[in-house]
Amino acid sequence: MGKILLEVNNLKLYFKTKKGPVQAVDNVSFTLEEGKTLAIVGESGCGKTSLTKAILRLLPRNIMEYSGEILFEGVDLMKYSDEQFRKEIRWKKIAMVPQAAMNSLNPVMRIEDQITEPLFIHNRDMTKEEAVKRACEVFQIVGLPLDFMRRYPFELSGGMRQRATIAMALVTNPKLVLLDEPSSALDLLTQANLMNVLKKIKKEFGTTFIMITHDIGTASELADEVAVMYAGEMVEKCHAEYFYTDARHPYSRKLMSSVPTLREDKELVFIPGQPPSLINPPSGCRFADRCDQRFAKCSQPPEAVELEHGQQVKCWLYTEGSEVKKHA
Ligand SMILES: Nc1ncnc2c1ncn2[C@@H]1O[C@H](COP(=O)(O)OP(=O)(O)O)[C@@H](O)[C@H]1O
Ligand SMILES: [Mg+2]
């Protein structure tokens, strides 16, 4: 096994609302090896964005609980003060391309000025020439022509703007990059090009990625691990090579069967119903009421178990001694 870059233990992020606490991230634990890519999939509202924000401590004002451990290179980031976190971690070691980032570039600033900005924040002594040199390097890495640097965001296509946001995340040479649905708003060809850029970065620089995506098919090109979020919990984490054939959680399987493939002409399955509210979620398995394999035990919260291909699954079907497992 490679070196563990990130280890998250029992991470919780609850928001305060008038209707009660929203349990957006609930006791999430996982590890990620250096240089690997973890894809996070799951329906909208299941806490994927909240998880990445919790890791990068980008928190709204209405937090109610924020607890657990975030070990980065073996050191618990939860113990850092906000000031320390901002100076030593955010952008410098862990960067993020937020959801819809390409539409939130500053319209009145040239791309060059936006890309060099994180460098000046972290390195006050850096000269303009040095910063522009580094910006040119990352521009080349993401495959953008250098003369685009002096342009404004509106002068770039969607795919190019998304590359620019990735360049911005890479400019400080972070070890871990969080990508929140980087290819959602792009057409298929542009998505494929973007995945090739990310694959190249991963290979050449050994960058570690956490990529949230709706598109399991796209994720398969980059991901080494796939995690499935459901109603604030990570219900399965699995090596990518097994996920596509041997995901075990009934929710993961439903997600997989809702993915169209070019190779087989199978029927698309939509998952009836919707995830539960994260205010007072069900006390047992949160997927139970949509699961066609549920049984009596599912009224209690399942513990994570590890299966033969390293899948970590929160489901009673696979618990030691479960009678149902034999028939699953
Ligand atoms: N600041 C906030 N205050 C209250 N609820 C929030 C806040 N941010 C997100 N949520 C809620 O947390 C849940 C998880 O949201 P999110 O992490 O954005 O999910 P995803 O990225 O999987 O779509 C949703 O129910 C969302 O409405
Ligand atoms: Mg989201």
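Residues numbered from 1 in each chain as written. Chains lettered and ligands numbered in written order. Predicted model: local features only at pLDDT ≥ 70, side-chain atom pairs only at ≥ 80, totals over all residues. Heavy atoms only, no water.

Enquirer: Pulling in residues and values, what's your account of the coordination of the magnesium ion (ligand 2)?
Expert: At this site the magnesium ion (ligand 2) is bound by Thr 49 (OG1) and Gln 99 (OE1), with donor distances of 2.0 to 2.6 Å. On the criterion of sequence distance, the pair formed by Thr 49 in helix H1 (residues 48-55) and Gln 99 in the loop between strand E6 (94-97) and helix H3 (111-122) is long-range, its members being 50 residues apart. (Donors = N, O, S within 2.8 Å, 3.2 Å for Na, K, Ca; no water. Helix = DSSP H or I, 4+ residues; strand = E, 2+ residues; numbered from the N terminus.)

Enquirer: Could you give an account of the pairing of strand E2 (residues 22-33), naming the residues involved and the relevant values?
Expert: With 9 of 12 residues buried, E2 lies mostly within the body of the structure. In this structure, strand E1 (residues 4-15) lies alongside E2, joined through 8 bridges in antiparallel fashion. Bridging from a neighbouring strand, Tyr 14 pairs with Gln 23 of E2. (Buried < 20%, exposed > 50% of the residue type's maximum accessible area, 1.4 Å probe, protein only. Pairing = 2+ DSSP bridges.)

Enquirer: Tell me about the packing of aromatic side chains, and please be specific about residues and values.
Expert: On inspection of all chains with the given rule, the structure shows 5 aromatic pairs. Here the basic side chain of Arg 151 rests over the ring of Phe 148, its NZ or CZ set 4.0 Å away from the ring centre. Residue placement shows Lys 297 over the ring face of Trp 316; its charged tip is 4.4 Å from the ring centre. (Phe/Tyr/Trp six-rings, centres within 6.5 Å; stacked < 30°, edge-to-face > 60°. Lys NZ or Arg CZ within 6 Å of the ring centre and 35° of its normal.)

Enquirer: Go over helix H6 (residues 188-205) with me, naming the residues and quoting the values.
Expert: Owing to its 3.6 residues per turn, the α-helix aligns residues three or four sequence positions apart on the same side. Counted at 1.5 Å a residue, the expected span for H6 with its 18 residues is 26 Å, and the 26 Å between its end C-alpha atoms agrees. Turning to H6, the residues buried within the fold contact strand E3 (37-41), helix H4 (128-141), helix H5 (158-170), strand E7 (176-180), strand E8 (208-212) and helix H7 (216-222). Where H6 begins, one side-chain oxygen reaches toward the backbone nitrogen of Leu 189, 3.1 Å away; that side chain belongs to Asp 187. Where H6 ends, the next residue or the one after it, Gly 206, has phi of about 65 degrees, a positive value. (Expected span 1.5 Å × (residues − 1). Contact = heavy atoms within 4.5 Å. Polar contact = N/O pair within 3.5 Å; in protein donor to acceptor, adjacent residues only side chain to side chain.)

Enquirer: Tell me about the site of ligand 1, residues and numbers included.
Expert: In the region of ligand 1, 15 residues are neighbours, and Gly 45, Lys 48, Thr 49, Ser 50 and Asn 62 sit closest. Within the backbone of Gly 45, an N or O atom sits 2.6 Å from an oxygen atom of ligand 1. One nitrogen or oxygen atom from the main chain of Gly 47 is found 3.1 Å from an oxygen atom belonging to ligand 1. The fraction of the free accessible surface of ligand 1 (570 Å²) that becomes covered by protein chains is 68%. Mapped onto the shell around ligand 1, the elements with two or more residues apiece are E2 and H1. When grouped by side-chain class, the residues that make up the shell around ligand 1 number 6 nonpolar, 7 polar and 2 charged. (Near = heavy atom within 4 Å. Areas by Shrake-Rupley, 256 points an atom, 1.4 Å probe, with all protein chains shown as cover. Nonpolar A, V, L, I, M, F, W, Y, C, P; charged D, E, K, R; others polar.)

Enquirer: Could you give an account of the sheet that holds strand E5 (residues 75-76), naming the residues involved and the relevant values?
Expert: The strand order E2-E1-E4-E5 describes an open sheet built from 4 strands, whose pairing is antiparallel. Every other strand in the sheet has two partners, leaving E2 and E5 as the edge strands with one partner each. Strand direction decides the pairing type here: strand E4 (residues 63-72) and E5, joined by 2 bridges, are antiparallel. Bridge assignment links Leu 71 to a residue of E5, and that residue is Asp 76.

Enquirer: I'd like a rundown of the sheet that holds strand E12 (residues 312-314), residues and numbers included.
Expert: Taking strand neighbours across the sheet as the criterion, the 8 strands line up as E6-E7-E8-E3-E9-E10-E12-E11 in an open arrangement whose pairing is mixed. Two strands in the sheet have a free side with no partner beyond their single neighbour: E6 and strand E11 (304-306). Taken over all neighbouring pairs, the strand axes of this sheet differ in orientation by 20 degrees on average, direction set aside. As judged from the 4 bridges shared by E3 and strand E9 (residues 225-230), these two strands associate in the parallel manner. Note on E9: the bridge partner recorded for Ala 39 is Val 226. Running over the sheet, H5 touches E6 and E7 and is turned about 170 degrees from E6. (Axes fitted to C-alpha atoms, helices over the stretch in contact; angles between N-to-C directions.)

Enquirer: Now, about the pattern of salt bridges: what can you tell me, with residues and values included?
Expert: Here the structure, examined in full by the defined rule, presents 20 salt bridges. For Lys 87, the salt bridge is made with Glu 83, and the minimal N-O distance between the two is 3.1 Å. Of this pair, Lys 87 and Glu 83 both sit in helix H2 (residues 82-89), separated by 4 residues, roughly a single helical turn. Look at Lys 87 and you get partly exposed, because its relative accessible area is 49%. On the basis of relative accessibility, which here comes to 40%, the residue Glu 83 falls in the partly exposed class. One salt-bridge network, held together by shared partners, links Glu 112, Asp 113, Lys 128 and Arg 150. (Salt bridge = Lys/Arg side-chain N within 4 Å of Asp/Glu carboxyl O.)

Enquirer: How would you explain the environment of Val 235 if you had to name every residue and give the values?
Expert: One can find Val 235 in strand E10 (residues 233-239). Expressed as a C-alpha distance, the spacing of Val 235 and Ser 67, which sit 168 residues apart in the sequence, is 19 Å. What Val 235 contacts, discounting residues up to four positions off in sequence, is Val 228, Tyr 230, His 249, Tyr 251, Gln 312, Val 313 and Lys 314.

Enquirer: How would you summarise the packing of H3 against H4 if you had to cite specific residues and measurements?
Expert: Packed helices, taken two at a time, are described by the angle between their axes plus the distance between the axes. Running from amino to carboxyl end, H3 crosses H4 at an angle of 110 degrees, the nearest separation of the two axes being 9 Å. Here H4 runs roughly perpendicular to H3, going by the angle between their axes. Once H3 is placed against H4, the crossing between them reads as right-handed. The segment H3 lies against H4, with Ile 111, Glu 112, Asp 113, Ile 115, Thr 116, Leu 119 and Phe 120 engaging Lys 128, Ala 131, Val 132, Arg 134, Ala 135, Val 138 and Phe 139. Looking at the contact of H3 with H4 residue by residue, the classes come out as 9 nonpolar, 1 polar and 4 charged. (Parallel < 35°, antiparallel > 145°, perpendicular 65-115°, else oblique. Left-handed = near helix turned anticlockwise from the far one by under 90°.)

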